[in-house]
Amino acid sequence: MATTKSFLILIFMILATTSSTFATLGEMVTVLSIDGGGIKGIIPGIILEFLEGQLQELDNNTDARLADYFDVIGGTSTGGLLTAMITSPNENNRPFAAAKDIVPFYFQHGPQIFNSSDRPIIGPKYDGKYLMQILQENFGETRLHQALTEVAISSFDIKTNKPVIFTKSNLTNSPELDAKMYDICYSTAAAPTYFPPHYFVTNTSNGDKYEFNLVDGGVATVADPALLSLSVATRLAEEDPAFASIRSLNYKQMLLLSLGTGTNSEFDKTYTAEEAAKWGII
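Rules behind the numbers
Residues numbered from 1 in each chain as written. Predicted model: local features only at pLDDT ≥ 70, side-chain atom pairs only at ≥ 80, totals over all residues. Heavy atoms only, no water. Helix = DSSP H or I, 4+ residues; strand = E, 2+ residues; numbered from the N terminus. Buried < 20%, exposed > 50% of the residue type's maximum accessible area, 1.4 Å probe, protein only. Contact = heavy atoms within 4.5 Å. Areas by Shrake-Rupley, 256 points an atom, 1.4 Å probe, with all protein chains shown as cover. Pairing = 2+ DSSP bridges. Core = buried A, V, L, I, M, F, W, Y, C linked by side-chain atoms within 4.5 Å. pLDDT = per-residue confidence, 0-100. Salt bridge = Lys/Arg side-chain N within 4 Å of Asp/Glu carboxyl O.

Enquirer: What am I meant to see in the overall build of the protein here?
Expert: In terms of helices and strands, the protein carries eight helices and seven strands. A buried classification covers 46% of the 282 residues belonging to the protein. Taking the intrachain contacts of the protein between residues at least 6 apart in sequence as the baseline, contacts between residues at least 24 apart amount to 70%. About 14800 Å² of surface is accessible on the protein, with carbon and sulfur atoms providing 54% of the total.

Laid out in structure tokens, this is it:
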């Protein structure tokens, strides 16, 4: 009961400050952040399903979607995939995936995405072919500029040795970022040793080819999508009237919902400096 009550309080906060019928437009900037964690994306998926269901009930609108309530939605790795799923449009310009579709997606495709039965002796644990196939089937030709709200999906370019952040608001200055959503999703999920890095090409404002050589954004300082998403929101405060309430860095006018993917049992292990001094390459 305590968990349910906590979520209901959060939901009422969101309804009071976003595009709900109870809201005053521009009153607060709302940010949703989703961590990485592979198949553990099921955990935030369950939370998002509950949240969206309650929003639909409270607004009496079965077509309400999370993208209607958050000004910025960001994620890394599996969180980047979830971000794209709930913000990419269908033929009716509504999110193609409802939050209730997330967990079934992971249960249906997870065993094949993370199938290591044919793991090569040398190379990543998974070949990524099925993951790419599913991403292409679901996102089609949808590109970043079509996202229904601002997004912040992180990756890292191993050729330029720089982070690459896919945000709609950067497209004016960096049109080469307007990649296909399936390329963005694979890139943010391409954790080294797990999936092969992803190479693809877009075009610059001059029509020149722009090459990407990307891996999971978690390998760099963009591993925390909450901090990344907040930074995108604060940057937009100077450019977009919808973010004017935080222009003076008034963080009381910002609501952040940051979802993790649980912890790993290995985090329970502890070591002394003497024990760690004996570690070798294995």
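Read on for the rest.
Enquirer: Explain the pairing of strand 6 (residues 209-216) to me, please; I cannot follow it from the model alone.
Expert: Two elements, strand 3 (residues 150-157) and strand 6, share three bridges in a ladder whose sense is antiparallel. Following the sheet pairing, Ser155 is matched in strand 6 by Asp216. Here strand 5 (residues 198-203) hands over to strand 6 after five residues, with Gly207 in that stretch at a positive phi of 85°.

Enquirer: What should I look at first to understand the nonpolar core in this one?
Expert: Soluble globular proteins: nonpolar side chains tend toward being buried together. Within the largest apolar cluster, 52 residues are counted, with the highest numbers of intra-cluster contacts made by Leu32, Phe139 and Phe166. In this structure, Val29, Ile165, Leu228 and Leu236 belong to the second largest nonpolar core, which totals 13 residues.

Enquirer: What should I look at first to understand unusual backbone geometry in this one?
Expert: Negative phi characterises most residues that are not glycine, and trans characterises most peptide bonds. In this model, Asn60 sits at a positive phi of 55°, which is unusual for a non-glycine residue. You can see Asn60 is positioned in the loop between helix 2 (42-59) and strand 2 (72-76). Phi is positive for Asn161, close to 60°, though the residue is something other than glycine. Within the secondary structure, Asn161 sits in the loop between strand 3 and strand 4 (162-166).

Enquirer: Can you help me understand the confidence of the model for the protein in this one?
Expert: Interpreting fine coordinate detail is not advised for predicted regions of low pLDDT. With 86% of its residues at a pLDDT of 70 or more, the protein shows a mean pLDDT of 85. Looking across the protein, the model is least confident in helix 1 (residues 2-17), with a mean pLDDT of 49, and most confident in helix 6 (residues 181-189), with 97. Low pLDDT (under 50) marks residues 18-26, which in the prediction has 17 contacts with non-local residues, meaning those over four places away or in another chain.

Enquirer: In this structure, what is going on with the pattern of salt bridges? I would like to understand it.
Expert: A side chain with one charge may pair with a side chain of the opposite charge, provided their charged atoms come close. Under the defined criterion, the tally for this structure stands at five salt bridges. Of the charged contacts, one joins Arg94 and Asp68 as a salt bridge, the two residues approaching to 2.8 Å between their closest N and O atoms. Of this pair, Arg94 sits in the loop between helix 3 (78-87) and helix 4 (102-113) while Asp68 sits in the loop between helix 2 and strand 2, placing them 26 residues apart in sequence. Classification of Arg94 by relative accessible area gives partly exposed; the value is 22%. Judged by its relative accessible area of 27%, Asp68 falls in the partly exposed class. Here Asp101 makes a salt bridge to Lys100, at a shortest N to O gap of 3.6 Å. Classification of Asp101 by relative accessible area gives partly exposed; the value is 30%. Among the ionic contacts, a cluster of salt bridges with common partners joins Asp63, Asp68 and Arg94.

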